[in-house]
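Commentary on secondary and tertiary structure
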Amino acid sequence: MRWKGNSDVTRCLLIDEDKASAQRLQALLADLGLETDQAAAPDEALRHCNATAPDIVMLSAAASASQPRDFVRKLRRSNAGKTPVVILYAKTPDTQMISQSILQGAADVLMQPFDRDILQFKLRQAGIAV
């Protein structure tokens, strides 16, 4: 993970089935200096996380029929050692989804729409220097 003072590139995995939404978020992440890969579904993302160990995972709450909390739980169990920071983003406030996801280990939840400044603030809160 790129902490303050470390010049390594921060790697992000973006999970979103909506290509337009994913492209907008990928542009924001690139503008903040993050190297971003994409996955359309949580199962694909878990395989990617195990293979490449990203520093942060941005997960759309609408990325699949499964609950975001299930993805976070599986990610925490499958990654022995390095576990990425997980930030969910959603279009509608679902307090049950949010609380369950955070209890499973998600760092935060962003409500859409959000801009570069909000994203940067949330990443910094999660310990990612951008």
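Refer to the structure above for everything that follows.
Notes on the structure follow. (Residues numbered from 1 in each chain as written. Predicted model: local features only at pLDDT ≥ 70, side-chain atom pairs only at ≥ 80, totals over all residues. Heavy atoms only, no water.)

For the rest of this paragraph, the subject is helix α1 (residues 19-31). An ideal rise of 1.5 Å per residue puts 18 Å on 13 residues; α1 measures up with 18 Å between its terminal C-alpha atoms. Buried within α1 we find Ser21, Ala22, Leu25 and Leu29. End-on view of α1: buried residues confined to an arc of 95°, all on one side of the axis. Seen from the open side of α1, the exposed residues pointing more than 90 degrees away from its buried face are Lys19, Gln23 and Arg24. The inward-facing, buried residues of α1 contact β1 (11-15), β2 (35-39), β3 (56-60), β4 (85-90) and α5 (116-125). Phi turns positive one or two residues past the end of α1, at Gly33, with a value near 90°. (Helix = DSSP H or I, 4+ residues; strand = E, 2+ residues; numbered from the N terminus. Expected span 1.5 Å × (residues − 1). Buried < 20%, exposed > 50% of the residue type's maximum accessible area, 1.4 Å probe, protein only. Arc of directions from axis to C-beta. Contact = heavy atoms within 4.5 Å.)

Taking strand neighbours across the sheet as the criterion, the five strands line up as β2-β1-β3-β4-β5 in an open arrangement whose pairing is parallel. Looking at strand neighbours, the two that pair on one side only are β2 and β5 (108-111), the edges of this open sheet. The average angle at which neighbouring strand axes cross in this sheet is 25°, direction not considered. As paired elements, β4 and β5 share four bridges and run parallel to each other. Considered in β5, the bridge of Ala90 is made with Met111. Its contacts with the sheet put α5 on β3, β4 and β5, and the angle it makes with β5 is roughly 175°. (Pairing = 2+ DSSP bridges. Axes fitted to C-alpha atoms, helices over the stretch in contact; angles between N-to-C directions.)

A few words now on the side chain of Asp108. Relative to the helices and strands, Asp108 is located in strand β5. When its relative accessible area of 16% is taken as the criterion, Asp108 is described as buried. Among the polar contacts made by the side chain of Asp108, one reaches the side chain of Lys122 at a distance of 3.0 Å. Not counting chain neighbours up to four residues away, the residues in contact with Asp108 comprise Val86, Ile87, Leu88, Lys122 and Gln125. (Polar contact = N/O pair within 3.5 Å; in protein donor to acceptor, adjacent residues only side chain to side chain.)

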